[in-house]
Amino acid sequence: MRFTYTARNKEGKTINGTAEAATKEAAVASLNRQGLHPIIVKSEASNTSLASKLKRPKKVKLKDLVVFTRQLSTMISAGVPLARSLATLQQESSNKYFREVVGGITKDIESGLTLADAFAKYPRVFSDVYVNMVRAGEAGGILDEILKRLASQVEQDASIRKKIKSAMTYPVVILTVTVIAFFGIMIFVIPKIAKILLDLGGPDAKLPIYTQIMLNLSSFMQHNFVFIIVGLVLASYGLRRYIRTPRGKLLFHTMLLKIPVVKTIVIKVSIARFARTFASLMSAGVGVLDALEVTGSAMGNVVIENELKEAAKQVKNGRPLSEPLSHSKNFPAIVSQMLAVGEETGQVDTILVKVADFYEEEVSAVIDALSSIIEPLMIIVLGSIVGVIAASVMGPIASLSKNIGN
């Protein structure tokens, strides 16, 4: 969403401009990070139309971001001016929206804005981690090196997401087919079988309880099909909206940490992100407290993020990070132990990179094992549903046919 703003900079000068953000609060936070004091922030009129609300938000693929980051790093290392590098990359991008973003960044650079502040205007494209690492790279004069690390980090994150998505594709497809088949059988097939049962046994025929339940459910679904579909759609929409609220997200993430297999994957992914992101920020010269704040928002789970925030409070009071993490419910003991070693030797970033590599390998192993289990499990579930329906229908038919024969 695009917002127009009027803000006052550090010199007290009033400036006007536009910023992209998911919400008004995010836009205000972005302006504050740029050293601006917002006076007026409002969404553009075009974004209030129904068409724009229904329109799918524009995105930039991680692959495009990786290529852009690596190419920008190479051009900066070669001594090409930043504005010229961005203008060149804008022309080479195949993503129309990304070309617009890079074009906007180029104009901001030419007007005197820093690269990090220019990136911060597009939070849908450049995360807080990305922006803060670029800001640290600019401050330390090692922007090209930081961009190389960022590209590697984005690639690692994309690899984990791809593995999880690949593992979930099969069960989602099977579950979808199962639901559609169930609705089809209950609405179109069972009513015809019910007619056969009535023809064979008459209206007073005594049917097994599970068969009667099946027939009643089929009749209900047949007569209320539209209401059921509308109800499911509304429930799905309401659930998604609720999960996006702070309270809903906390409840959902807490629930994920109570499901056996899912808990393992969520924790390992979160720890891998924490270790790699925190290590990258520390090596870039970002302060510990700032690094913890940025890292927390990149972990992907609110419960673990809150634990890290509590740990940050204790770090602020002078305690080493490894100490509060050793009492955490979700941070494995090996993380605090290796972090303690890093704190003692002054090699926190090096140690945490090894932790990240270890947990990323663990995630891959768990997902591969899960993929091999899911296929037979889904077949068993599908077979069980078919078996229940068959037993509920064919048993009474055979029994009634036998009675008629006698």
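Conventions used here
Residues numbered from 1 in each chain as written. Predicted model: local features only at pLDDT ≥ 70, side-chain atom pairs only at ≥ 80, totals over all residues. Heavy atoms only, no water. Helix = DSSP H or I, 4+ residues; strand = E, 2+ residues; numbered from the N terminus. Rg over C-alpha atoms; globule rule 2.2 N^0.38 Å. Contact = heavy atoms within 4.5 Å. Areas by Shrake-Rupley, 256 points an atom, 1.4 Å probe, with all protein chains shown as cover. Core = buried A, V, L, I, M, F, W, Y, C linked by side-chain atoms within 4.5 Å. Buried < 20%, exposed > 50% of the residue type's maximum accessible area, 1.4 Å probe, protein only. Pairing = 2+ DSSP bridges. Axes fitted to C-alpha atoms, helices over the stretch in contact; angles between N-to-C directions. Polar contact = N/O pair within 3.5 Å; in protein donor to acceptor, adjacent residues only side chain to side chain. 1 Å grid on protein atoms, 1.4 Å probe; cavity = no way out; pocket = protein on both sides within 12 Å on 5 of 7 lines; lining within 4 Å. Points joined across faces, edges and corners; volume = space filled by probe spheres on them. Nonpolar A, V, L, I, M, F, W, Y, C, P; charged D, E, K, R; others polar. Expected span 1.5 Å × (residues − 1). Patch = residues over 30% accessible without salt bridge, like charges linked within 9 Å, V, L, I, M, F, W, Y side chains within 5 Å. Salt bridge = Lys/Arg side-chain N within 4 Å of Asp/Glu carboxyl O.

A. Local environment of the overall build of the chain. Check the secondary structure of the chain and you find 17 helices and 3 strands. Relative to its length of 406 residues, the chain is extended, with a C-alpha radius of gyration of 28 Å against a globular reference of 22 Å. Across the chain, every contact between residues at least 6 apart in sequence was considered, and the portion connecting residues at least 24 apart equals 62%. For the chain, the accessible area works out to roughly 23200 Å², and carbon and sulfur atoms hold 61% of it.

B. Focus on the nonpolar core. The biggest cluster of nonpolar side chains holds 67 residues, and the ones touching the most others in it are Phe68, Ile105, Phe119, Phe126 and Phe274. Tallying contributions element by element places helix 12 (residues 260-283) first for this core, with 9 residues.

C. Just the sheet that holds strand 2 (residues 14-20), in detail. Spatially, 2-1-3 is the arrangement adopted by the 3 strands of the open sheet, whose pairing is antiparallel. One side of each edge strand has no neighbouring strand; the edge strands of this open sheet are strand 2 and strand 3 (37-43). Ignoring strand direction, the axes of neighbouring strands in this sheet form an average angle of 25°. Bridging between strand 1 (residues 2-8) and strand 2 involves 7 bridges; their strand directions are antiparallel. Residue pairing across strands places Arg8 opposite Thr14, the latter belonging to strand 2. The sheet strands contacting helix 1 (residues 24-33) are strand 1 and strand 3, and the helix crosses strand 3 at an angle near 150°.

D. Spotlight on the side chain of Thr277. Within the secondary structure, Thr277 is located in helix 12. Within the local environment of Thr277, its side chain forms a polar contact with the backbone oxygen of Arg273, the two atoms lying 2.7 Å apart. In contact with Thr277, not counting residues within four places along its chain, are Val129, Gln153 and Thr295.

E. Structural detail: empty space enclosed by the protein. Scanning the entire structure with this criterion turns up 1 cavity of 30 Å³ or more. By volume, the largest cavity is sized at about 40 Å³. Around the largest cavity, the lining residues are Arg33, Ala120, Pro123, Phe126, Asp128 and Val131. Classifying every residue of the lining of the largest cavity gives 4 nonpolar, no polar and 2 charged.

F. Highlighting helix 5 (residues 96-110). Taking 1.5 Å per residue, 15 residues should reach 21 Å; helix 5 reaches 21 Å between its end C-alpha atoms and fits that length. Inspection of helix 5 places Tyr97, Phe98, Val101, Val102, Gly103, Gly104, Ile105, Thr106, Asp108 and Ile109 among the buried residues, and these make up the whole buried set. Looking at the packing, one finds that the buried side of helix 5 touches strand 2, helix 3 (62-77), helix 4 (82-92) and helix 6 (115-120). A distance of 3.0 Å separates the backbone nitrogen of Tyr97 from a side-chain oxygen at the start of helix 5, and that oxygen is part of Asn95.

G. Highlighting a nonpolar patch on the surface. Taken together, the side chains of Phe225, Val226, Phe227, Ile229, Val230, Leu232, Val233 and Leu234 present a nonpolar region at the surface, about 790 Å² in accessible area. Mapped onto the secondary structure, Val230 falls in helix 10 (residues 225-244). Classification of Val230 by relative accessible area gives partly exposed; the value is 44%.

That is the geometry; function is a separate question.
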